[in-house]
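Letter by letter, the chains look like this.
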Amino acid sequence: DKLVFDGRKVTISNDGATIMKLLEIAHPAAKTLVDISMSQDAEVGDGTTSVVLLAGDMLKQIKPFVEEGVHPQIIMRSVRIASRLAVEK
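Summarised in this report is the structure supplied together with it.

The rules behind each value
- Residues numbered from 1 in each chain as written.
- Predicted model: local features only at pLDDT ≥ 70, side-chain atom pairs only at ≥ 80, totals over all residues.
- Heavy atoms only, no water.
- Patch = residues over 30% accessible without salt bridge, like charges linked within 9 Å, V, L, I, M, F, W, Y side chains within 5 Å.
- Areas by Shrake-Rupley, 256 points an atom, 1.4 Å probe, with all protein chains shown as cover.
- Salt bridge = Lys/Arg side-chain N within 4 Å of Asp/Glu carboxyl O.
- Helix = DSSP H or I, 4+ residues; strand = E, 2+ residues; numbered from the N terminus.
- Buried < 20%, exposed > 50% of the residue type's maximum accessible area, 1.4 Å probe, protein only.
- Pairing = 2+ DSSP bridges.

### With respect to a nonpolar patch on the surface
Taken together, the side chains of Leu 3, Phe 5, Val 10 and Ile 12 present a nonpolar region at the surface, about 440 Å² in accessible area. Mapped by element, the contributors of at least two residues to the nonpolar patch are strand S1 (2–5) and strand S2 (10–13). Within the secondary structure layout, Ile 12 lies in strand S2. When its relative accessible area of 58% is taken as the criterion, Ile 12 is described as exposed.

### Some remarks on the pattern of salt bridges
All told, the structure shown has two salt bridges when counted by the stated rule. Linking Lys 63 and Glu 67 is a salt bridge whose minimum nitrogen-to-oxygen distance equals 3.7 Å. On the criterion of helical spacing, the pair formed by Lys 63 and Glu 67 is a turn pair, its members being four residues apart in helix H3 (residues 48–67). Take Glu 67: its relative accessible area is 58%, and that puts it in the exposed class. Salt-bridge contacts for Arg 84 lead to Glu 88; the nearest nitrogen and oxygen are separated by 3.8 Å.

### Some words on the pairing of S2
Only one face of S2 is covered, namely the one carrying Thr 11 and Ser 13; the face carrying Val 10 and Ile 12 has none of its residues buried. One ladder, built from four bridges, connects S1 with S2; its direction is antiparallel. Looking across to S2, one finds that Lys 2 is bridged to Ser 13. The antiparallel pairing of S1 with S2 creates a hairpin that spans four residues between the two strands, and Gly 7 there sits at a positive phi of about 100°.

Put into structure tokens, the structure is as follows:
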């Protein structure tokens, strides 16, 4: 379980979606992770922590390419190819 204090009230939860909703996030990439979590919760009702961890690790792996100046379209094309190959194998 996690404890979140927003300055007014305390929330204790082990639900990833609930925790993500409570966070005040400014960074665009972090906001994307919250959106992914909310989408997972709306579609399936479970697995929010897993999708955030998976997406976070993907961003971590992609970061060096962004820092090297690789165009985002090339990065996304490569991610799509890799995901297709992973499903096929």
